[in-house]
Amino acid sequence: FFFAYVLGAAVGATVALLLMDAGKRPRHRPASLGSAWRGARYFGIGSILINLSTLDTAIAAAVGGKLVAGLYTGVSRWTQPIMLASNTFTTLLVPVAARARDMNDLWHRIRSTLWLPAGGAALCLLMALVAEPLVLWIMGPAFADSVPVLRWLAAAVAVVSINQPLAGLLQARGHERRVAAVL
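First, a word on scope: everything that follows refers to the structure included in this document. (Residues numbered from 1 in each chain as written. Predicted model: local features only at pLDDT ≥ 70, side-chain atom pairs only at ≥ 80, totals over all residues. Heavy atoms only, no water.)

Some words on the packing of helix α6 (residues 80-99) against helix α7 (residues 103-110)
Two numbers describe how α6 lies on α7: the axes approach to 9 Å, and their chain directions differ by 145 degrees. For the pair α6 and α7, the sense of crossing is right-handed. On α7, the residues that touch Leu 93, Val 96, Ala 97 and Arg 99 of α6 are Leu 106, Arg 109 and Ile 110. (Axes fitted to C-alpha atoms, helices over the stretch in contact; angles between N-to-C directions. Helix = DSSP H or I, 4+ residues; strand = E, 2+ residues; numbered from the N terminus. Left-handed = near helix turned anticlockwise from the far one by under 90°. Contact = heavy atoms within 4.5 Å.)

The following block contains the structure:
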C-alpha cells in the first residue's frame with residue numbers, strides 16, 4: 001500500500017510536469033521550506049482549528065465517558081453527508097472567489113449555486129425537528145437519549161453549512177487572519 005501510494009504520487013507529479021508548458025515549470029532549485037509557507041500562517045491556523053473538530057468523539061468520551069460517546073456516535077454520522085456537500089461546495093467556491101474581480105463579480109458567479117448550502121441548512125433544520133421519531137424509528141428506544149444530541153448536531157451543522165462557505169470565501173479574498181480569529 002505504501003509503495004503504491006508513493007508511486008502514484010510520483011507518477012502523477014511526473015505526468016503533470018511533462019504536460020506543463022516549459023515556461024511555467026518550477027525552477028530546478030528547491031525553495032526553502034520556510035519560504036513555501038511564508039504568508040500562510042493564518043490560513044494554516046484556521047485549517048488546524050477546523051480539523052480539530054474531527055476529535056469530537058474522543059472529546060465526548062473523555063468528558064462524558066463511553067456511554068456519552070456511544071449516544072453521540074450513534075447519530076453523529078447522520079449529518080456527515082450534509083457536511084460533505086458543504087465541504088465540496090467550499091472547495092469549489094475558493095478558486096472562484098479568488099479569481100473574481102470584486103464582490104459584485106463574485107455574487108454573479110455564485111448566486112445560482114447558493115441553493116446547495118441553503119438546502120443543506122434547511123435539511124439539517126428539518127432533521128432537528130423530526131429527530132425524535134427519526135431516532136426511535138431507525139435505532140430504537142434504546143437510543144432515545146440520542147435525540148437531543150441529534151437536535152444539537154443538526155442545528156450546528158445547519159449553521160456550518162452557511163458558515164463554512166463564507167469562511168472559505170473570506171480566506172480566498174485575503175481575510176484569512178479574520179477567519180482564524182473567529183475560529
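Overview of the side chain of Gln 164
Along the chain, Gln 164 turns up in helix α10 (residues 147-172). With relative accessibility at 16%, the residue Gln 164 sits in the buried group. (Buried < 20%, exposed > 50% of the residue type's maximum accessible area, 1.4 Å probe, protein only.)

Describing the environment of Val 68
Note that Val 68 resides in helix α5 (residues 66-76). Owing to a relative accessible area of 38%, Val 68 belongs among the partly exposed residues under this scheme. Sequence separation between Val 68 and Thr 57 is 11 residues, and the spatial gap between their C-alpha atoms is 9.1 Å.

Some thoughts on the packing of aromatic side chains
A complete count under the given rule lists one aromatic pair for this structure. Measuring from centroid to centroid gives 6.0 Å for Phe 1 and Tyr 5, while their planes differ by 25 degrees, and the two rings are stacked. Tyr 5 sits in the exposed class, given a relative accessible area of 60%. (Phe/Tyr/Trp six-rings, centres within 6.5 Å; stacked < 30°, edge-to-face > 60°.)

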